[in-house]
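Fold and contact review
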Amino acid sequence: MNLCFFVDEMLFYVAEYLRIMGYDTIYLKGLDDKEIIKMLINSKKSKKMAVLITGDKNLASVAKNHLVDVFYMYPEKKLFQSYLKELIDKYKLKIKKTTRCPKCNSILLSKRKNELNENELKQAKEVIKRYKLFFICKACKKVYWRGSQWKEMIKKIKSLF
Ligand SMILES: [Zn+2]
């Protein structure tokens, strides 16, 4: 079954990590609990395994009553690494080949330097000499490359396996 993570507003950094690992991750920004529960139930209907990641005990217990899988994470950045390890172990997560846009959750397509279009070249202008491979978001068209921030995040994830 396909996992789909729903991450509450306080835990935006968790969503970025899960997307970089390639997991479908909805960031629950500006929604009230009722709307969130509705989304979770709809996701279950579409045969996805919905997992709510939240630091909100009330929301967690309502979701559990609707038989949604809940992963409780106290919103404290210091604790994040150990929570992420727990999450990886619990759902047997890995770093997927196809990853997702940290900003909008769409699939990233890889392109070689010489395949970039005008808009993509413009975004990559400053690093174009240093990288051969680029990753373009299908939806928001943002261009990514595997720079120091990406490397740092992947290193952190790998250290948890
Ligand atoms: Zn995007």
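Please read all numbers here as calculations on a predicted model, not as lab measurements.

What follows deals with the pairing of strand β1 (residues 2-8). The side chains of a regular strand alternate, first on one face of the sheet and then on the other. Here β1 lies mainly inside the structure; 5 of its 7 residues are buried. Note: β1 against strand β3 (residues 48-54), 6 bridges, orientation parallel. Bridging across to β3, Phe6 finds its partner in Leu52. Bridging between β1 and strand β2 (residues 24-28) involves 5 bridges; their strand directions are parallel. Opposite Phe6, over in β2, you have Ile26 as the bridge partner. Between the parallel elements β1 and β2, the chain passes through helix α1 (residues 12-20) in a crossover that is right-handed.

Let's shift gears to unusual backbone geometry. At Asn105, a position not held by glycine, the phi torsion is positive, near 80 degrees. By the secondary structure assignment, Asn105 is in the loop between α4 (80-91) and β5 (108-112). Overall, the presence of 20 C-beta atoms within 10 Å leaves Asn105 in the buried class.

What follows deals with the domain arrangement of the protein chain. You can read the domains of the protein chain as domain 1 (2-91) and domain 2 (108-158). Taking only C-alpha atoms into account, the centre of domain 1 sits 27 Å from that of domain 2.

A few words now on the sheet that holds β5. Pairing within the open sheet is antiparallel, and its 3 strands lie in the order β5-β6-β7. Bordering the open sheet on either side are β5 and β7 (143-144), each of which pairs with just one other strand. Bridge count for strand β6 (residues 133-137) against β7 is 2 bridges, and the pairing is antiparallel. For Ile136, the partnering residue across the bridge sits in β7 and is Val143.

Quick look at the sheet that holds β2 now. Strand order in the open sheet made by the 4 strands is β2-β1-β3-β4, with parallel pairing throughout. Both edges of this open sheet fall to β2 and β4 (69-72), since each of them pairs with a single strand only. On average, each strand axis in the sheet is tilted by 25 degrees relative to the strand beside it, whichever way the strands run. Bridge count between β3 and β4: 4 bridges; the pairing is parallel. Bridge pairing links Leu52 to Val70 in β4. Where helix α2 (residues 33-45) meets the sheet, it contacts β1, β2 and β3, and its direction lies at approximately 155 degrees from that of β3. On the sheet, helix α3 (residues 57-65) packs against β1, β3 and β4 and is oriented at approximately 160 degrees with respect to β4.

Reading the values: rules and limits
Residues numbered from 1 in each chain as written. Predicted model: local features only at pLDDT ≥ 70, side-chain atom pairs only at ≥ 80, totals over all residues. Buried ≥ 20, exposed ≤ 12 C-beta atoms within 10 Å, placed from the backbone. Helix = DSSP H or I, 4+ residues; strand = E, 2+ residues; numbered from the N terminus. Pairing = 2+ DSSP bridges. Right-handed = clockwise from strand over helix to strand, strands pointing away. Domains from an automatic or database assignment. Axes fitted to C-alpha atoms, helices over the stretch in contact; angles between N-to-C directions. Contact = placed C-beta atoms within 7 Å.

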